[in-house]
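Observations on chain architecture
So the chains spell out like this:
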Amino acid sequence: MKLYCLSGHPTLPCNVLKFKSTTIMLDCGLDTTSVLSFLPLPLVHSPRLSKLPGWISKDGTVNLEKVELLDLSTIDVILISNYHCMMALPYITEHTGFTGTVYATEPTLQIGRLLMEELVNFMERVPKAQSATCWKNKEIQRLLPGPLKDAVDVWTWKRCYSMQEVNSALSKVQLVGYSQKVELFGAVQISPLSSGYSLGSSNWIIQSHHEKVSYVSGSSLLTTHPQPMDQSSLKNSDVLILTGLTQMPTANPDGMLGEFCSNLAMTIRAGGNVLVPCYSSGVIYDLLECLYQFIESASLGTTPFYFISPVANSSLEFSQIFAEWLCHNKQTKVYLPEPPFPHAELIQTNKLKHYPSIHGDFSSDFRQPCVVFTGHPSLRFGDVVHFMELWGKSSLNTIIFTEPDFSYLDALAPYQPLAMKCVYCPIDTRLNFHQVSKLLKEVQPLHVVCPEQYTQPPLTQSHRSDLMLELQPPPMPYRRCSVLSLPFRRRYERVYILPELANSLVPSEVKPGVSVATVSAVLHSKDNKHTLQVSVCGARLGGKRKRVPEEPLLGMAPKPLLSGAVPLEAFLATLQKHGITEVKVEETADGHILHLQAEDTLIQLEEDNTHIVCDNNEPLRTTLRDLVLRFLQKL
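Residues numbered from 1 in each chain as written. Predicted model: local features only at pLDDT ≥ 70, side-chain atom pairs only at ≥ 80, totals over all residues. Heavy atoms only, no water.

1. Here's the deal with the domain arrangement of the chain
Domain parsing of the chain yields domain 1 (2-246 + 430-485), domain 2 (253-424), domain 3 (496-534) and domain 4 (562-634). Taken over C-alpha atoms, the centre of domain 1 sits 65 Å from the centre of domain 4. (Domains from an automatic or database assignment.)

2. Some words on the nonpolar core
Nonpolar side chains tend to gather and get buried jointly when the protein is soluble and globular. In terms of nonpolar packing, the biggest core is built from 102 residues, with I78, L89, L264 and F373 touching the most fellow members. Broken down by element, the residue count for this core peaks at 8 residues, all from helix α3 (residues 106-124). Taken domain by domain, this core gets at least three of its residues from each of domain 1 (2-246 + 430-485) and domain 2 (253-424). What L264 contacts, discounting residues up to four positions off in sequence, is V274, L291, L300, F305, V371 and I400. L17, I24, V182 and L486 belong to the second-largest nonpolar core, a separate cluster that totals 26 residues. (Core = buried A, V, L, I, M, F, W, Y, C linked by side-chain atoms within 4.5 Å. Buried < 20%, exposed > 50% of the residue type's maximum accessible area, 1.4 Å probe, protein only. Helix = DSSP H or I, 4+ residues; strand = E, 2+ residues; numbered from the N terminus. Contact = heavy atoms within 4.5 Å.)

3. Observations concerning the packing of aromatic side chains
What characterises a pair of aromatic rings is the spacing of the ring centres plus the angle enclosed by the ring planes. Summed over the entire model, instances satisfying the criterion amount to 18 aromatic pairs. Pairing Y306 with Y355 gives two aromatic rings, centres 6.1 Å apart and planes at 55 degrees, and the pair type is tilted. Remark: Y355 occurs in strand β14 (residues 352-355) and Y306 occurs in strand β13 (residues 305-308); sequence separation between them is 49 residues. Y355 carries the same exposure label as Y306, and that label is buried. One aromatic cluster in this structure is built from Y306, Y355, F362, F366, F387 and W391. The ring of F341 is capped by K330, whose NZ or CZ atom sits 4.8 Å from the centre of that ring. (Phe/Tyr/Trp six-rings, centres within 6.5 Å; stacked < 30°, edge-to-face > 60°. Lys NZ or Arg CZ within 6 Å of the ring centre and 35° of its normal.)

4. Side note on the state of the cysteines
Applying the stated rule across the entire model yields 0 disulfides. Free cysteine C290: the closest other cysteine sulfur is in C261, separated by 3.1 Å. For C290, a relative accessible area of 17% corresponds to the buried category. (Disulfide = S-S within 2.5 Å.)

5. Remarks on the packing of α3 against helix α5 (residues 163-170)
Packing of α3 against α5 leaves a shortest axis separation of 10 Å and a crossing angle of 165 degrees. Here α5 runs roughly antiparallel to α3, going by the angle between their axes. As for how α3 packs across α5, the hand of that crossing is right-handed. Between α3 and α5, the residues in contact are L109, R113, M116, E117 and V120 and M163, V166, N167 and L170, respectively. (Axes fitted to C-alpha atoms, helices over the stretch in contact; angles between N-to-C directions. Parallel < 35°, antiparallel > 145°, perpendicular 65-115°, else oblique. Left-handed = near helix turned anticlockwise from the far one by under 90°.)

6. Section: the sheet that holds strand β25 (residues 529-533)
Strand order in this open sheet of 3 strands is β21-β25-β24, and the pairing throughout is mixed. If you trace the sheet from one side to the other, it starts and ends with β21 (495-497) and β24 (522-526), each paired once. For this sheet the average axis-to-axis angle between neighbouring strands, irrespective of direction, equals 30 degrees. Sheet analysis places β21 next to β25, joined by 3 bridges and oriented parallel. Paired with V495 across the strands is H530, a residue of β25. (Pairing = 2+ DSSP bridges.)

Take a look at the structure:
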């Protein structure tokens, strides 16, 4: 069993597991932090951004050969744990020769589709007049300003996919429900479990009849809107692959929500506007629920809240219809009937309005001071770029970062000098190191595999041993482009026996409660299922083969198996009765050696075998063999 590690980002994993005869990709996260190396894409003309000097290459293009760790066309299935970890799916399914199946829950598929659609929309509505690739040449890259000149593997960076590629990729997804068991080629069985992180998010169990691998990615034990995490099903794992822990282990999500609300209220009371760069699904549901409870007590009842995204309407509607994927309290509301999320009431009372972009109806409805939720959290594309240009020059306004995926200082860099206030309230509900250590003690896997970042404290906090995994035995770390041989071997395989063959067996009791029987048969293997069948041979008749059934091979009197032990004292007495009296006994680590001095013969008695060394005296060897067999049971 091997694990191929294709991603160096612990919260955007992409690993490939080779288990029995199947090749399984575990997630395909898209690391978009490279966009921080580029200037923002404004929706309307920005005099400030347009005056910044460009960099012009005078050299030609260079072809670079990509070194592949693994042939992705050999992948049988892809398992998706949550919608953030499927954003690279079109690159894999559409450009590698992939012919397999993708498994995901319905919320993961639908919300993943929305996030991809939003990303494509952001890119395509601001087309670039020119395309540049020469800068990826290493000789040219080193001449670029930082951070591009220090970027690693820039030749692997890709253009954004199209909606046609998105639709083709998602057509390969097969929907599964929690605890549903899906058999892969008769070799292994996969099953998703609720991970408690987001709508439809899953951990995965991958098991054969005798081995079990658990894949834990992006999980949460906090009480938020998704179904709670299923922990008990992770028990008795041979290997547990752990990834997707919180990126903010020292930031308490409840404390961050409190800071978010208080800073928002202070800004609005002072007459300023609040900008919240966010994804169109996920934490925004919890932010809106928190604000719903906070608005009246903070006297913000007349403040407009705007959610701007090409998929804003679909995201808000999907969150209300996936009732079976929600926590118990929200499921109960559906049967009252009430909307499970309070943002439905905010929309009905016109306190929350949603728009596909800043154009159209938003322009006429827009009033200030207000709160705007929009993307992209990187501040490099999307409607957020317009608001940064619009509000960045006033100290009355505030930008509040809640998504932990990007460095807020790097995100703000192209907009400096900036007068608006900046507040960093990263909200990450995934497992922290204390929670995961407690979880692992409860489920007790034999081996834990995790990114190497989890086996050492952060570089900026090297004294914090509590910000790492300390387990016994120590976890097996992996890094990008590494291949791990997982530490267990298959010892057993399940074999089925046909009824007619089973009826012919004659068990013998070897000790109280334990019976065994010998069997001779044909082993038939197909689709990773193994069956013992009665032997059938072919007979030649008139030049044609005629298949005729034979008696089971048991009728051919196979060589019997022996069981039991040869007691030393009783055996010596038997030898003496047969005239063998000069016997020297030597004790060994595994048993005894009997030296028959007059006969110049050795008998080696051990727990699981007996040897008779007798040169040129076959009658004596046969007699001694028969005496040994008196003490053993034939099967």
